[in-house]
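Fold and contact review
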Amino acid sequence: MGSVESYFGRLCGKEQEKEEERLFRANDRPFNLSYHYADNAIKTSKYNLFSFLPLNLFEQFRRLANAYFLFLMALQVIPQISSLSWFTTAVPLILVLSITAVKDASDDINRHKSDKQVNNRMVKVLIDGELRNEKWLNVQVGDIIKLENNQFVTADLLLLSSSEPLNLVYVETAELDGETNLKVKQALTVTGDMGDSIDALAGFNGEVRCEPPNNRLDKFKGTLTLDGQTYSLDNDKVLLRGCTLRNTEWCFGVVIFGGPDTKLMQNSGKTTFKRTSIDHLMNVLVLCIFGFLASMCTVLAIGNGIWEVREGSVFTAFLPREQGADAALSSFLSFWSYVIILNTVVPISLYVSVEIIRLGNSFFIDWDRKMYYPKNDTPAQARTTTLNEELGQIKYIFSDKTGTLTQNIMTFNRCSINGKAYGELFDFSGQRVEITEKTARVDFSWNQLADPKFTFHDHSLLETVREGNPEAQAFFRLLALCHTVMPEEKKEGELYYQAQSPDEGALVTAARNFGFVFRSRTPETITAMEMGRTVTYELLAVLDFNNVRKRMSVIVRNPEGKLTLYCKGADTIIFERLHPSCNKLKEATIGHLNEYAGDGLRTLALAYKPLDDSYMDKWRQRHHEASTAMEGREERLDELYEEIEKDLLLLGATAVEDKLQDGVPQTIEQLAKADIKIWVLTGDKQETAENIGYSCNMLREEMREIFVVAANTAEGVKEELQNARRKMCPEAAEEPSVKKARAGLFWLQKTETVQDEKVDGDYGLVINGHSLAFALEKNLQLELLRTACMCQTVICCRVTPLQKAQVVQLVKKYKQAVTLAIGDGANDVSMIKAAHIGVGISGQEGMQAVLSSDYSFAQFRYLQRLLLVHGRWSYLRMCKFLQYFFYKNFTFTFVHFWYAFFCGFSAQTVYDEWFITLYNMVYTALPVLGMSIFDQDVNDRWSFQYPQLYTPGQLNQYFSKKAFVLCMMHSCYSSLILFFIPWAAMHDTVRDDGKDLADYQSFALLAQTCLLIVMNIQLCLDTYYWTAVNHFFIWGSLAAYFAITLTMYSNGMFLIFTSSFPFIGTARNSLNQPNVWLTIFLTSLLCILPVVASRFVFIQLRPTINDKVRQKVRKEALPAPAPRRPPARRISTRRSGYAFSHAQGYGDLVTSRRFLLKLRSRPPLFTQTDSPLALNEPQLYRTIAEDPEESQSP
């Protein structure tokens, strides 16, 4: 629903023009306000106090069924056509509208509270030369604000100055992209010189010209004009709303975008009202039912006209017609009378029951202990209650990588030193032993500076280092010296490292624990503690890392005056530069690297080279000349680096694990068995994404081929996609097979479906962001979709948030399949909103993705339980509910239809009016709810044991138009039995005492009793899983029926309310007759026998997967707990090239003299010592089979 204000704005022609460029001045509010930029208040609520009632009712009456019941209620007020009281429709309608309104109001109140809490946060704003505390909502574009450590960034800011050296600030972007490692931002020198001088900042009048508001998190273009000079602005100088300032005492920034214009809010995407495929199908079916109802009423109205002409005149003696009434008018009035009587084909209780069932299944998700994450005290949460059954129909899952599949915590896992591998444990027979929580850890207590959170299990490595092995010591010396990490020692012995990427931090921490502790650095020196001895190295040069070099080196001089170059980088790059004497060692190291890559670890090779003093002096002179050259500086420096990084001597290799969340590979394997396709859409570089693909078992060595699409032109991308497709399916047509159809209400919606194509073998597809941009263009998107859908696994790297949403929309549009998107950062929000179901990974504070999601939980592994258990059960329950509900109501209504032929088409009801009122609201409401909330074909363990049980939901096998037609045919048969057997039995019968039994009231009682008993028996046949609640509801409903009937048909009720209870004595006179009970038995038998027989035949001849598994369940006990086995060792020739950060390194910053100008102690990196990031403890994944035996949870 759009904003009411914006609607009236458009109505009055005040629609704001689209912003082309943003221009503002710092500290100049009048100038900036003239452009009418959005302020910093955010609004996510839909209603206010005055608009709630009209807008909510408008929304509710847009539902076809609600509008229909309102029309029906209006008809019932007209006495000439109403044979039922108006309250039979009014009470349920008001109840439904009230329940929905309360639910909507509750949701909106929560949104108002959330908005108010955010908008009322306080921040220091520079106004009229002084810092004032202001609410966030009062901040304007162009204001200068002061942020302090651990504060949320108020709006999108241009960084002006900070407390840190070189005007750096450290920010955590977990809420934006799910990454917990700190990012570095840097202000311009010209603004950084202002420092925290309030006078200088108040006098700052720079003019900023930049791009308009957009959702690109990784790009920013603009210029700052100050004192006639123009300075370029990019993303490194901007702090985005949603980030948190860390390890920075203070910083100042000027507001560029506020509130709805911030990149965080721009990425929130358009909120769409999500409806399930069953909802859409029900809309179509309800429309068909209306048509069917109209045709039934027309037939009966025509019948009434014919009867009035032929027979009606005979009855005018004691049923006189009103003045002017004739057969035509009687026929017209009877049409509307039958519309009222037969309206039970679409009872309003259907919609009430659907909402209750969805709410009940949502509570089961919220209450599920097996989806509760105790470490963060985070339960699973169904944030939307209207989509549960859609969870049982998912065909495509789109997942983010960082923070979703991985924890974004790097751990030093294994290493190879001088041809010997360390990090694994073997038993006495040489078998590899799996490392678990209980495995003994290496004791680092001898090292006072060791990091207590670091864990390693191979004791032999520590023994080798402490024995003084020169290669092992050189290995860790290299790790302690060759990096760009910044150290911080708050107090003696408490070291904190600020690493540009978590993997660099993991390597330096490993060196620290094994006795080579990096303590401090200056622009010219590095100080380390080596096995308890302080050593200061002279730092002569840092040869920095970038994406082309894929390596970094440092040149240092030790206290003895010996010069050494230490180098680490991608193994392929390092091996090209080794001295020939290392060939034998290289072969051994390659074997180890292949093992590490097989386990999905990120690898680096380490090498060193002794240098000669005279050569170094000359090289440094040439380096100085190259670094100061105006032309060809980069090329000249690269040549110098190539020259000195030759003839290296190999030390070994490291293996760092980008820790997957627990249970990710098992979850992906289970979902793949359920025929769910998983696509990973990540902003990471290709190499990292591929590596995680292997770790998760999404990419496997046994795949026939993994295609990489990385072309830089549209033609190139097209060619690569076509070549991949032709390899996978040579006989496929060049043009895709697109099936066109119509769907939706009134069949107005056109659909196009790209048909699936059969492929032999498994393939994988990896596509880069720039290639994806071309592939998503209109002329190439079908080629991308065809090729991607042939592959078992698809990984898209370096994708923008917008591209994530476009990929989801593409699959939704052309595959007509149900999609699910899962992520944990603001960069995933547009994808989460675009998919049919959005899942947010919670646990990190203030996760933006969770706020936009339909379901949330703390770990990716819970997704399999959400889909394979809760989703499948919800879908099964909803389908069984709809089939049974339509069956019981069509049967109820068809009996009226047959009765019309015996009552002169006079719209007389076949049942007692009170039975009609209570049939759906009391007698049959609870039993069907009991089945629809608690039923399960097999329990959760069997659901995991056979993921194939999920497949029928994807194919809509349980409820479809075909199933609906079969349901109507079944109802038609049952109604014929339920009307004609009692009618024939009562026609000429007498009581035991010879008195006549064949009156209208006795027949009505017999017909309705037969109906209710048959409906309950049918429900028992449909129920798979019996609980005490089901028994109570079924037997209780039958008991309630007989109790209410005997009470209403008693003398007392007739005497008190004579006109309302005319069936005096009918129950006691009829139900004491044996032939009445025999008729009930015969009717029930004839209704149920064909159902039992047909089910028996189908189970024997064409059993479904459910039938087969349920048969297996009867024969076997619960599946045995699967033993925990170590993952199979995979040897791979494909290795992760390097484990560096994704961007250019900070080597120049490290060697700069300015970075220590304002050095001071800073707060520790992890202030919350019990946070999961700080604890860095692995989780023990427990499969469903290992859970303790508990009572079955629904």
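Just so we're clear, the structure is a prediction, and the values are computed from it rather than from any experiment.

Definitions and cut-offs
- Residues numbered from 1 in each chain as written.
- Predicted model: local features only at pLDDT ≥ 70, side-chain atom pairs only at ≥ 80, totals over all residues.
- Heavy atoms only, no water.
- Helix = DSSP H or I, 4+ residues; strand = E, 2+ residues; numbered from the N terminus.
- Buried < 20%, exposed > 50% of the residue type's maximum accessible area, 1.4 Å probe, protein only.
- Contact = heavy atoms within 4.5 Å.
- Areas by Shrake-Rupley, 256 points an atom, 1.4 Å probe, with all protein chains shown as cover.
- Pairing = 2+ DSSP bridges.
- Axes fitted to C-alpha atoms, helices over the stretch in contact; angles between N-to-C directions.
- UniProt positions renumbered as here; feature names shortened; annotations may be inferred.
- Polar contact = N/O pair within 3.5 Å; in protein donor to acceptor, adjacent residues only side chain to side chain.
- Patch = residues over 30% accessible without salt bridge, like charges linked within 9 Å, V, L, I, M, F, W, Y side chains within 5 Å.
- Salt bridge = Lys/Arg side-chain N within 4 Å of Asp/Glu carboxyl O.

1. A look at the overall build of the protein
Scanning the protein for helices and strands turns up 41 helices and 37 strands. Expressed as a percentage of the 1194 residues in the protein, the buried residues total 56%. Residue pairs in contact within the protein that sit at least 24 positions apart in sequence constitute 75% of those at least 6 positions apart. For the protein, the exposed area adds up to about 52,000 Å²; of that, 56% sits on carbon and sulfur atoms.

2. Some thoughts on the sheet that holds strand β7 (residues 182-186)
The strand order across the open sheet formed by three strands is β7-β6-β12, and the pairing between neighbours is antiparallel. Each edge of the sheet is formed by a strand with only one pairing partner; in this case those strands are β7 and β12 (244-246). Within the sheet, the average angular offset between the axes of one strand and its neighbour, ignoring direction, is 45°. Bridge analysis of strand β6 (residues 168-172) against β7 gives five bridges, and the strand direction is antiparallel. Within the sheet, the bridge partner assigned to Val-169 lies in β7 and is Lys-185.

3. Quick notes on the pairing of strand β24 (residues 533-543)
Bridge analysis of strand β23 (residues 525-530) against β24 gives six bridges, and the strand direction is antiparallel. Its bridge partner lying in β24, Thr-527 is registered against Thr-536. The hairpin turn running from β23 into β24, its antiparallel successor, is two residues long, and Met-531 in that turn takes a positive phi close to 50°. Pairing of β24 with strand β25 (residues 551-557), which is carried by five bridges, proceeds in the antiparallel orientation. Paired with Leu-539 across the bridge in β25 is Val-556.

4. What to know about the environment of Pro-982
Within the secondary structure, Pro-982 sits in helix α33 (residues 961-987). When its relative accessible area of 0% is taken as the criterion, Pro-982 is described as buried. Note: C-alpha distance between Pro-982 and Leu-1006 (24 residues apart in sequence) is 6.8 Å.

5. Topic: the sheet that holds strand β1 (residues 22-25)
In any sheet, the strands associate via hydrogen bonds between backbone groups, in a parallel or an antiparallel arrangement. Spatial strand order, β1-β8-β9-β10: four strands in an open sheet with antiparallel pairing. Each of the sheet's edge strands pairs with one partner strand only, and the pair in question is β1 and β10 (229-233). Taking each pair of neighbouring strands and ignoring which way they run, the sheet shows an average axis angle of 20°.

6. Some thoughts on the UniProt feature "binding site: Mg(2+)" (unreviewed entry) in the protein
Sequence positions flagged by UniProt for "binding site: Mg(2+)" (unreviewed entry) are, in local numbering, Asp-400, Thr-402, Asp-824 and Asp-828. Within the secondary structure, Asp-824 is located in the loop between β35 (818-823) and α26 (829-834). Its location among the elements puts Asp-828 in the loop between β35 and α26. The buried category is assigned to Asp-828, whose relative accessible area is 0%. If we ignore the near neighbours within four places in the chain, the residues touching Asp-828 are Asp-400, Lys-804 and Gly-823. Among the polar contacts made by the side chain of Asp-828, one reaches the side chain of Lys-804 at a distance of 2.6 Å.

7. What to know about the environment of Arg-872
Among the secondary structure elements, Arg-872 is positioned in helix α28 (residues 862-900). With 65 residues separating them in the primary sequence, Arg-872 and Asp-937 have C-alpha atoms 9.8 Å apart. Those residues in contact with Arg-872 that sit more than four places away from it in its chain are Gly-392, Leu-867, Asp-937, Val-938, Ser-943, Leu-949, Tyr-950 and Asn-1106.

8. Some thoughts on a nonpolar patch on the surface
Taken together, the side chains of Leu-95, Ile-99, Met-921 and Val-922 present a nonpolar region at the surface, about 310 Å² in accessible area. Of all the elements in the fold, those that place two or more residues in the nonpolar patch are α5 (87-119) and α29 (913-923). Assignment of secondary structure puts Leu-95 in helix α5.

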